[in-house]
Amino acid sequence: MTEEHDSGDDGGSPPCFLHELDPAGSPRVDPQQTLDVTRWRKAERERLIAARLKLDAGYRAAQTLAIASDLDRIIPFASGTIVSLYWPIRAEPDLRPWMQAKFEKGIRIALPEALALGQPLVFREWRPGARLARGLWNIPYPADGVEVVPTVVLAPVIGFDPACYRLGYGGGFFDRTLARMPGRPLVIGLGYAQALISTIFPQPHDVPMNWIVTGANAPLRRAS
């Protein structure tokens, strides 16, 4: 008489991969791989920023106008829309005129404040003439703005890849913030077409954008 055993092929329980998770339930990451990616990103970040700073000012202005036009088509503006932008640094697309125009049309605007390294961002409501304070890296934010939860987050990119992953400045602020926000906002990365790279080598903590907008080509939408 042959003893029968459950082969596990009945579609019941999936294979157990608990050995691939750390004590917090997150995927284990090879420390050497993490170090290699960190070093690569640092070098790539420096290369891309240097290339961006060399772009002609007229070209950047034209692309920024095209980015603004694309945003008008992508963002589903409604009465409860709150759009978080950014104060431009290091030749990032300067959307402050677009920010002003949206405010004048009744759209609520916010800017992020970086409180400290390793902490998520907070978003403070902005209006024309608001008193600005300087946060980490001397980036302005509305000093007296109330804290809000944006429905749309516009994030500057240093680099991006075809899967809509964003290479930022390396502080992890946007990834950390988006992972903790109640209800995922519409997240749009903004930059120039020259920032496209084959991959950023995404890690478990990296949060992809819903869209990448450069103004030079059709907006890139992340596959669902």
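Bear in mind that the values here come from a model prediction, so they are computed numbers and not experimental data.

1. Re the confidence of the model for the protein chain
Reasoning step 1: For the protein chain, the average pLDDT comes to 88, and 87% of its residues sit at 70 or higher.
Reasoning step 2: Within the model, the stretch residues 1-27 combines pLDDT values under 50 with nine contacts to residues more than four positions away or in other chains.

2. Quick look at the pairing of strand E7 (residues 152-156)
Reasoning step 1: When you tally the buried positions in E7, you get five out of five residues, the bulk of the element.
Reasoning step 2: On E7, burial covers both faces: Val-152, Leu-154 and Pro-156 on one face and Val-153 and Ala-155 on the other are all buried.
Reasoning step 3: Two elements, strand E1 (residues 82-84) and E7, share two bridges in a ladder whose sense is parallel. Across the sheet, residue Ser-84 finds its bridge partner in E7, namely Val-153.
Reasoning step 4: The pairing of E7 with strand E10 (residues 186-190) spans five bridges and is parallel. Directly across from Ala-155, in E10, lies its bridge partner Gly-189.

3. Focus: the environment of Leu-121
Reasoning step 1: The residue Leu-121 is located in the loop between strand E2 (108-113) and strand E3 (122-126) in this model.
Reasoning step 2: Separated by 51 residues in the primary sequence, Leu-121 and Gly-172 have C-alpha atoms spaced 9.9 Å apart.
Reasoning step 3: Not counting residues within four places of it along the chain, the set of residues in contact with Leu-121 comprises Pro-112, Glu-113, Ala-114, Phe-173, Phe-174 and Thr-177.

4. Looking at the sheet that holds strand E12 (residues 220-221)
Backbone-to-backbone hydrogen bonds join strands into a sheet, with any given pair of strands oriented parallel or antiparallel.
Reasoning step 1: Strand order in the open sheet formed by eight strands is E6-E3-E2-E1-E7-E10-E11-E12, with mixed pairing between adjacent strands. The strands lining the two open edges of the sheet, one partner per strand, are strand E6 (147-148) and E12.
Reasoning step 2: For strand E11 (residues 211-213) and E12, the ladder comprises two bridges, and the chain directions are antiparallel. By the bridge assignment, Trp-211 is partnered in E12 with Arg-221.

5. Regarding the side chain of Arg-124
Reasoning step 1: Tracing the backbone through its elements, the reader meets Arg-124 in strand E3.
Reasoning step 2: A polar atom in the side chain of Arg-124 sits 2.6 Å from the side chain of Glu-113.
Reasoning step 3: Once you skip the residues sitting within four places of it in the chain, Arg-124 turns out to touch Ile-109, Ala-110, Leu-111, Glu-113, Tyr-141, Pro-142, Gly-145, Val-146 and Glu-147.

6. As for the packing of aromatic side chains
Where two aromatic rings form a pair, the distance of their centres and the angle of their planes describe that pair.
Reasoning step 1: Counted under the stated rule, the structure contains five aromatic pairs.
Reasoning step 2: Centre to centre, the rings of Trp-40 and Phe-201 are 5.0 Å apart; their planes meet at 85 degrees, and the pair counts as edge-to-face. In this pair, Trp-40 is assigned in helix H1 (residues 31-53) and Phe-201 in the loop between E10 and E11, connecting sequence segments 161 residues apart.
Reasoning step 3: Look at Trp-137 and Phe-173: their rings are 5.5 Å apart centre to centre, the planes differ by 85 degrees, and that puts the pair in the edge-to-face class. Placement of the pair is Trp-137 in the loop between strand E4 (132-134) and strand E5 (140-142) and Phe-173 in helix H4 (residues 173-180), with a sequence separation of 36 residues.

Scoring rules and cut-offs
Residues numbered from 1 in each chain as written. Predicted model: local features only at pLDDT ≥ 70, side-chain atom pairs only at ≥ 80, totals over all residues. Heavy atoms only, no water. pLDDT = per-residue confidence, 0-100. Contact = heavy atoms within 4.5 Å. Buried < 20%, exposed > 50% of the residue type's maximum accessible area, 1.4 Å probe, protein only. Helix = DSSP H or I, 4+ residues; strand = E, 2+ residues; numbered from the N terminus. Pairing = 2+ DSSP bridges. Polar contact = N/O pair within 3.5 Å; in protein donor to acceptor, adjacent residues only side chain to side chain. Phe/Tyr/Trp six-rings, centres within 6.5 Å; stacked < 30°, edge-to-face > 60°.

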